[in-house]
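Each chain is listed here by its residues.
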Amino acid sequence: MKEVVYVIIGDKKFELRKTKKANMVFEVVSGKFFQEFTGSYTDMMMMFYAYMKGANRNTFNYSFDEFCDMLDEHELDIEVFTDALKELENKNVKGQSQESGQEQQKPAKKKK
């Protein structure tokens, strides 16, 4: 299962996780291919929106403009997303380390 972090906007709690759907939402919203992500402020905001839309399809029913208005209303900025992404990456790295560690901790077979 994919790692999840949560973002709270106002009184609403949303999942934030990487999904293929998020990549497609980014392409629809931005009008460019996912691989063309530049890291600009606009691309970051569109990616934030795409991650939210991709992970919360039943509860996140906002247009991109409504999403930006919601962030403004609650005085949140892109740091909410970048901090959540860092946390998500740390969880993924930790999960991979634990998986590889588990493989290494298998008992050795006894020689006959």
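Remember, predicted model here, so these are calculated numbers, not experimental data.

**Structural notes on the environment of I9**
Step number 1: Structurally, the position occupied by I9 is in strand β1 (residues 5–9).
Step number 2: Judged by its relative accessible area of 1%, I9 is buried.
Step number 3: Spatially, the C-alpha atom of I9 lies 8.0 Å from that of L76, the residues being 67 residues apart in sequence.

**A look at the pattern of salt bridges**
Step number 1: Across all of its chains, the model carries 3 salt bridges by this definition.
Step number 2: Two residues, K32 and D43, come together in a salt bridge whose shortest N-O distance is 2.9 Å. Residue K32 is found in the loop between α1 (20–30) and α2 (41–55), and its partner D43 is found in helix α2; the two are separated by 11 residues along the sequence.
Step number 3: Its relative accessible area of 24% is what places K32 among the partly exposed residues.

**Describing the pairing of strand β2 (residues 12–16)**
Step number 1: For β1 and β2, the ladder comprises 5 bridges, and the chain directions are antiparallel. When the sheet's bridge partners are listed, I8 is paired in β2 with K13.
Step number 2: Following β1, the chain reverses through 2 residues before pairing antiparallel with β2; G10 in that reversal takes a positive phi of roughly 65 degrees.

**Re the confidence of the model for the protein**
Step number 1: When pLDDT is averaged across the protein, the result is 82; 82% of the residues are at 70 or more.
Step number 2: Between residues 102–112, whose pLDDT stays under 50, and residues either more than four places distant or in other chains, the model counts 0 contacts.

**Here's the deal with unusual backbone geometry**
Step number 1: Phi at E75 takes a positive value of approximately 55 degrees, unusual for a residue other than glycine.
Step number 2: Take E75: it is sitting in the loop between α3 (64–73) and α4 (78–104).

**Considering α1**
Step number 1: Taken as a whole, α1 has its buried residues at A22, V25, F26 and S30. Down the axis of α1, the smallest arc covering the buried residues is 115 degrees, so these residues share one side. Counted as exposed and oriented over 90 degrees from the buried face of α1: K20, M24 and V28.
Step number 2: Buried residues belonging to α1 abut α2.
Step number 3: Taken from the residues just after α1, G31 is the one with a positive phi, measuring 80 degrees.

**Quick word on the nonpolar core**
Step number 1: Counting 27 residues, the largest nonpolar core has I9, L16, F48, M52, F60, F67 and F81 as its most contacted members.
Step number 2: Of all elements in the fold, only β1, β2, α1, α2, α3 and α4 reach the threshold of two or more residues within this core.
Step number 3: Sequence-distant contacts of L16, defined by excluding residues within four places in its chain, comprise E3, V4, V5, V7, F48, Y51, M52, F81, A84, L85 and L88.

Reading the values: rules and limits
Residues numbered from 1 in each chain as written. Predicted model: local features only at pLDDT ≥ 70, side-chain atom pairs only at ≥ 80, totals over all residues. Heavy atoms only, no water. Helix = DSSP H or I, 4+ residues; strand = E, 2+ residues; numbered from the N terminus. Buried < 20%, exposed > 50% of the residue type's maximum accessible area, 1.4 Å probe, protein only. Salt bridge = Lys/Arg side-chain N within 4 Å of Asp/Glu carboxyl O. Pairing = 2+ DSSP bridges. pLDDT = per-residue confidence, 0-100. Contact = heavy atoms within 4.5 Å. Arc of directions from axis to C-beta. Core = buried A, V, L, I, M, F, W, Y, C linked by side-chain atoms within 4.5 Å.

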